[in-house]
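A look at the structure
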Amino acid sequence: MRKIALLGAVAAITCATTAHAEPGGCLKYGAVGAVGGHVANHHTVLGAAAGCVTGMYKRHEYRKEAKAKAALYDQEHPGAKGNYKAKATAYDVEHSTTPGKMTPDTPAAGTAPAAAPAAQ
C-alpha cells in the first residue's frame with residue numbers, strides 16, 4: 001500500500017511540475033467525460049471518448065490562437081526571437097489580453113460603452 005501511495009505522490013509531483021498553461025487535452029477532458037458518462041446511465045467509455053475529442057479540439061483552438069498572436073507579434077516586432085508560445089505571451093502582456101481571447105480585456109481609451117436601448 002505504501003508503494004502505491006508513493007508512486008501516486010511521485011506521479012502527481014511530476015505532472016504538476018511539467019504542466020503547461022494550456023487547456024486540458026485528452027486526459028483531463030476524457031476523465032471528466034468518463035465520470036459524466038458513468039453518472040449518465042453507465043456510458044463511461046462513450047463519455048471518455050467524447051471528452052477526449054472535446055479536449056483535443058479545445059487544445060487545437062488554443063494553439064491556433066497562440067500562433068495567430070505570435071504572427072501579430074512578429075508584425076509589430078520584426079526579428080523577434082522565441083517560439084510561438086513566448087511570442088503569444090508577450091502579445092498578451094502588451095495588449096492586455098488573456099490567453100484564449102484575442103480582444104483586450106479593457107476597452108480602448110476614448111471609446112464609450114454602447115448605449116443601452118431605451119425602455120418604453
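Provided above is the structure to which this section pertains.
Rules of the game
Residues numbered from 1 in each chain as written. Predicted model: local features only at pLDDT ≥ 70, side-chain atom pairs only at ≥ 80, totals over all residues. Heavy atoms only, no water. Helix = DSSP H or I, 4+ residues; strand = E, 2+ residues; numbered from the N terminus. Axes fitted to C-alpha atoms, helices over the stretch in contact; angles between N-to-C directions. Parallel < 35°, antiparallel > 145°, perpendicular 65-115°, else oblique. Left-handed = near helix turned anticlockwise from the far one by under 90°. Contact = heavy atoms within 4.5 Å. Nonpolar A, V, L, I, M, F, W, Y, C, P; charged D, E, K, R; others polar. Salt bridge = Lys/Arg side-chain N within 4 Å of Asp/Glu carboxyl O. Buried < 20%, exposed > 50% of the residue type's maximum accessible area, 1.4 Å probe, protein only.

A few points about unusual backbone geometry
With a phi angle near 65 degrees, Asn41 is a residue other than glycine that sits in the positive phi range. Inspection of the secondary structure assignment puts Asn41 in the loop between helix H2 (26-39) and helix H3 (44-76). Located in the positive-phi region is His42, a residue other than glycine, with phi close to 60 degrees.

Let's talk about the packing of H2 against H3
Packing of H2 against H3 leaves a shortest axis separation of 6 Å and a crossing angle of 150 degrees. Classified by the angle between their axes, H2 and H3 sit roughly antiparallel to one another. Between H2 and H3 the crossing geometry is right-handed. In this structure, H2 contributes Cys26, Tyr29, Gly30, Gly33, Ala34, Gly37 and His38 to the contact, and H3 contributes Thr44, Gly47, Ala48, Gly51, Cys52, Thr54, Gly55, Met56 and Lys58. Classifying every residue of the contact of H2 with H3 gives six nonpolar, nine polar and one charged.

Remarks on the pattern of salt bridges
In total, this model carries four salt bridges according to the counting rule given. Measuring nitrogen to oxygen at the nearest pair gives 2.5 Å for the salt bridge that ties Lys69 to Asp92. One end of the pair, Lys69, is in helix H3; the other, Asp92, is in helix H4 (residues 84-95), with 23 residues separating them in the sequence. Its relative accessible area of 2% is what places Lys69 among the buried residues. Salt-bridge contacts for Asp74 lead to Lys87; the nearest nitrogen and oxygen are separated by 2.9 Å. Of this pair, Asp74 sits in helix H3 while Lys87 sits in helix H4, placing them 13 residues apart in sequence. Classification of Asp74 as partly exposed rests on a relative accessible area of 32%. Sharing partners across several salt bridges, the network here consists of Glu65, Lys69 and Asp92.

Keep in mind that these numbers describe shape and distance, not what the molecule does.
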